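As a plain string of letters, each chain reads:
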Amino acid sequence: MRKFTIFVLVCLVFAIVFYYVGKMNVGNVVNANPQKITFDDLRIGNLKVGMLYEELIRVKGKPQKIEKNESFIDIEYEDGTSIVIFESRVQVIIVNSPSYATTRGLKVGDNKEKTLQLYGKPTEGRIEESVWDYNDDEKIYGISILFKDDIITFIEVYIKAM
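These notes cover the structure that comes with them. (Residues numbered from 1 in each chain as written. Predicted model: local features only at pLDDT ≥ 70, side-chain atom pairs only at ≥ 80, totals over all residues. Heavy atoms only, no water.)

Considerations on the packing of aromatic side chains
By the definition in use, this model includes four aromatic pairs. Taking 5.2 Å as the distance between ring centres and 35° as the angle between the ring planes, the aromatic pair formed by Phe72 and Phe86 counts as tilted. With Phe72 in strand S4 (residues 72-76) and Phe86 in strand S5 (residues 82-86), the pair connects residues that are 14 residues apart, well separated along the chain. Residue Phe72 is classed as partly exposed on the basis of its relative accessible area of 31%. A relative accessible area of 23% means that Phe86 is categorised as partly exposed. Sitting above the plane of the Tyr77 ring, Lys60 keeps its charged end 4.9 Å from the centroid. Its end group placed over the ring of Phe147, Lys112 keeps NZ or CZ at 5.3 Å from the ring centre. (Phe/Tyr/Trp six-rings, centres within 6.5 Å; stacked < 30°, edge-to-face > 60°. Helix = DSSP H or I, 4+ residues; strand = E, 2+ residues; numbered from the N terminus. Buried < 20%, exposed > 50% of the residue type's maximum accessible area, 1.4 Å probe, protein only. Lys NZ or Arg CZ within 6 Å of the ring centre and 35° of its normal.)

Here it is in structure tokens:
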């Protein structure tokens with residue numbers, strides 16, 4: 001009877017260990033059917049790709065720095081937010097502050113596990129790499145996420161052509 005009890009306890013311990021190891025496995029938290037990136041995903045906080053320059057200024061305020069070149073206007077804000085304007089519309093938004101969340105709730109400071117839960121596996125970049133890209137099927141727009149030590153350091157949303 002004593003051997004049977006020890007056997008049951010050992011089996012129980014193994015069952016518990018395997019259960020928690022399975023829970024911790026990043027592969028188990030990957031969204032197997034992530035929603036594809038849509039134009040609605042091109043928002044961070046109250047900023048969105050495609051918004052007019054005037055709307056950006058109304059929403060975000062006066063920028064710290066504006067650089068104009070032949071085709072683009074590069075705008076920087078004190079909080080580290082960078083914006084690229086093309087033909088009077090926001091084409092790229094880059095944030096490095098946890099004050100801004102994507103439409104799915106991802107923020108700077110979150111980890112790879114949360115990114116996998118919200119977006120699934122990246123369409124470009126491997127899980128062990130530091131840059132993950134999520135693109136639409138035509139690769140016209142998307143989200144790039146940069147990690148350092150598995151923690152998000154910046155998020156970029158963009159459209160290649162308007």
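Brief notes about helix H4 (residues 112-119)
Listed in full, the buried residues belonging to H4 are Lys112, Thr115, Leu116 and Tyr119. Buried residues of H4, viewed axially, fall in a sector of 100°; they line one side. The N-cap residue of H4 is Asn111: its side-chain oxygen and the backbone nitrogen of Glu113 are 3.2 Å apart. (Arc of directions from axis to C-beta. Polar contact = N/O pair within 3.5 Å; in protein donor to acceptor, adjacent residues only side chain to side chain.)

Concerning the nonpolar core
Ranked by size, the top nonpolar core spans 29 residues in total, and within it Leu56, Ile83, Ile93 and Ile155 carry the most contacts. Only S5, strand S6 (89-95), H4, strand S7 (131-135), strand S8 (141-148) and strand S9 (151-159) provide two or more residues apiece to this core. (Core = buried A, V, L, I, M, F, W, Y, C linked by side-chain atoms within 4.5 Å.)

Describing the pattern of salt bridges
In this structure the tally under the stated criterion is seven salt bridges. The partner of Lys60 in a salt bridge is Asp79, with the nearest N and O atoms 2.8 Å apart. Separated by 19 residues along the polypeptide, Lys60 in helix H3 (residues 53-60) and Asp79 in the loop between S4 and S5 bring together distant segments of the chain. Asp79 sits in the partly exposed class, given a relative accessible area of 30%. Linking Lys139 and Glu124 is a salt bridge whose minimum nitrogen-to-oxygen distance equals 3.0 Å. (Salt bridge = Lys/Arg side-chain N within 4 Å of Asp/Glu carboxyl O.)

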